[in-house]
Amino acid sequence: MPDDHFSAMRQSIIDGAPDTASSLAQQAVTSGVAPLDAINNGYVPGMHDVGEQFARGQMFLPDMMASAEAMRCAMAVLDPELKRLGTERPMAGVVVLGTTKGDIHEIGKILVGTLLTAHGFRVHDLGVDVSGEKFAAKARELEADIVGVSALLTTTMRNQKTVVEALEKDGLRTRVKIMVGGAPVTRRWAEEIGADGYAKDAMSAVALAQELMQQKLHTICDQNLSCSINR
Ligand code: HCB
């Protein structure tokens, strides 16, 4: 796909133009462009520009909402394609996903959920503004392997720690791995709050989830001599 097509995708997000974003995504699918390339090279850079313009006061909340809507429309086209690519894989693990309490940003989390699904994970998305207790209750109900917590605000990232605490309080911490992400989140923050890993984007989240599943299997193996997984 020519670079100017990716530029047009990026611009459709900056302009907050849902119809354009959607039809460019449709064209990408029709011409065989990998949906992840369209997302990573076209739409996500657009969201980053929007964030920077907002931070500089060159863009206001209604504009940012229009950009989010354009992103949602592009994803509505690309999402089924991503899922289709992963439908025939064996189940890789169960993930409970959500955006932390007080935070309504969801685009990145949805993208993480989509790619995890495309790589064979069974994902339960709790949505936005989710308390630690809700994460823990759902993780217990589904016997989740991994809980993924998103936070986009510096004021809400500290609530990721309350998810770690809720899982500890519920006695789930030894069974459930925790991964965190979101624009202000760092590896150091993940370590500080006692999470098992940090992912900077959706593809890294998939790699991390796969690694956490391996760690989990090895732990089970260490406790069970009859285990026969490859090391
Ligand atoms: Co929002 N907002 N926003 N916003 N918003 C940010 C996040 C700022 C950075 C913009 C800025 O000032 N530069 C800023 C936060 C500043 C800060 O705290 N440091 C900000 C602000 C201030 C606000 C409000 C407070 C504005 C206001 O009301 N005055 C308000 C907060 C409302 C609330 O949550 N209580 C607000 C509202 C909004 C909306 C509603 C207009 C809209 C969200 C719509 C929606 O999600 N349905 C919005 C948007 C769109 C943004 C920006 C522009 C884009 C976010 C986004 O979707 N990025 C964002 C600027 C930015 O981040 N550059 C801005 C694209 C995705 C793909 O990236 O980082 O979310 P991601 O996710 C990645 C990655 O982090 C990782 O993988 C994802 C995929 O690659 N990942 C995980 C994410 N979660 C993971 C979990 C894991 O386990 C593993 C990996």
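To be clear, the structure that these remarks concern was listed above.
Residues numbered from 1 in each chain as written. Predicted model: local features only at pLDDT ≥ 70, side-chain atom pairs only at ≥ 80, totals over all residues. Heavy atoms only, no water.

Asks: Looking at this structure, how should I read the coordination of the cobalt atom of the ligand?
Replies: Tetrahedral coordination by four donors places them ideally at 109.5 degrees to one another around the metal; octahedral coordination by six donors ideally gives 90 or 180 degrees. There is one protein donor for the cobalt atom of the ligand, and it is His105 (NE2), at 2.2 Å. Looking at the secondary structure, you find histidine 105 in the loop between strand E1 (93–99) and helix H5 (107–118). (Donors = N, O, S within 2.8 Å, 3.2 Å for Na, K, Ca; no water. Helix = DSSP H or I, 4+ residues; strand = E, 2+ residues; numbered from the N terminus.)

Asks: What am I meant to see in the packing of helix H1 (residues 3–14) against helix H3 (residues 35–55) here?
Replies: A pair of packed helices can be characterised by two numbers: the angle between their axes and the separation between those axes. It is the contact of H1 with H3, at a shortest axis distance of 8 Å, that shows an interaxial angle of 35°. With respect to the hand of their crossing, H1 and H3 are arranged in right-handed fashion. Two secondary-structure elements touch here, H1 through Phe6, Met9, Arg10, Ser12, Ile13 and Ile14 and H3 through Asp37, Ala38, Asn41, Gly42, Tyr43, Pro45, Gly46, Met47, Asp49, Val50 and Gln53. Here the contact of H1 with H3 is composed, by residue class, of nine nonpolar, five polar and three charged. (Axes fitted to C-alpha atoms, helices over the stretch in contact; angles between N-to-C directions. Left-handed = near helix turned anticlockwise from the far one by under 90°. Contact = heavy atoms within 4.5 Å. Nonpolar A, V, L, I, M, F, W, Y, C, P; charged D, E, K, R; others polar.)

Asks: Help me understand the side chain of threonine 99 in this model?
Replies: Along the polypeptide, threonine 99 turns up in strand E1. A residue is classified by how much of its surface remains accessible, and threonine 99, at 0% relative accessible area, is buried. If near-sequence neighbours (up to four positions away) are discounted, threonine 99 is found in contact with His105, Glu106, Lys109, Gly127, Val128, Asp129, Val130, Phe135 and Ser150. (Buried < 20%, exposed > 50% of the residue type's maximum accessible area, 1.4 Å probe, protein only.)

Asks: Please clarify how the nonpolar core should be interpreted in this entry.
Replies: Considering soluble globular proteins, one finds that nonpolar side chains tend to be buried as a cluster. Met9, Tyr43, Val112, Leu116, Phe121, Ile146 and Met179 are the most contacted members of the largest nonpolar core, which totals 39 residues. Of all the secondary-structure elements, those providing two or more residues to this core are H1, helix H2 (18–30), H3, helix H4 (61–86), E1, H5 and helix H9 (202–223). There are two domains that each give this core at least three residues, and those are domain 1 (3–84) and domain 2 (93–220). Look past the residues within four positions of valine 112 in its chain and what remains in contact with it is Leu97, Met179, Ala202 and Ala205. By size, the runner-up hydrophobic cluster in this structure holds 25 residues, among which are Ala166, Leu172, Val176 and Tyr198. (Core = buried A, V, L, I, M, F, W, Y, C linked by side-chain atoms within 4.5 Å. Domains from an automatic or database assignment.)

Asks: How should I be thinking about unusual backbone geometry in this particular structure?
Replies: Glycine aside, the phi torsion of most residues is negative, and most peptide linkages are trans. Non-glycine residue aspartate 129 carries a positive phi angle of around 55°. Counting through the fold element by element, aspartate 129 comes out in the loop between strand E2 (121–125) and helix H6 (132–142). You can call aspartate 129 partly exposed: its relative accessible area is 32%. Of note, the phi angle at glutamate 143 is positive, near 50°, even though the residue is not glycine. Tracing the backbone through its elements, the reader meets glutamate 143 in the loop between H6 and strand E3 (146–150).

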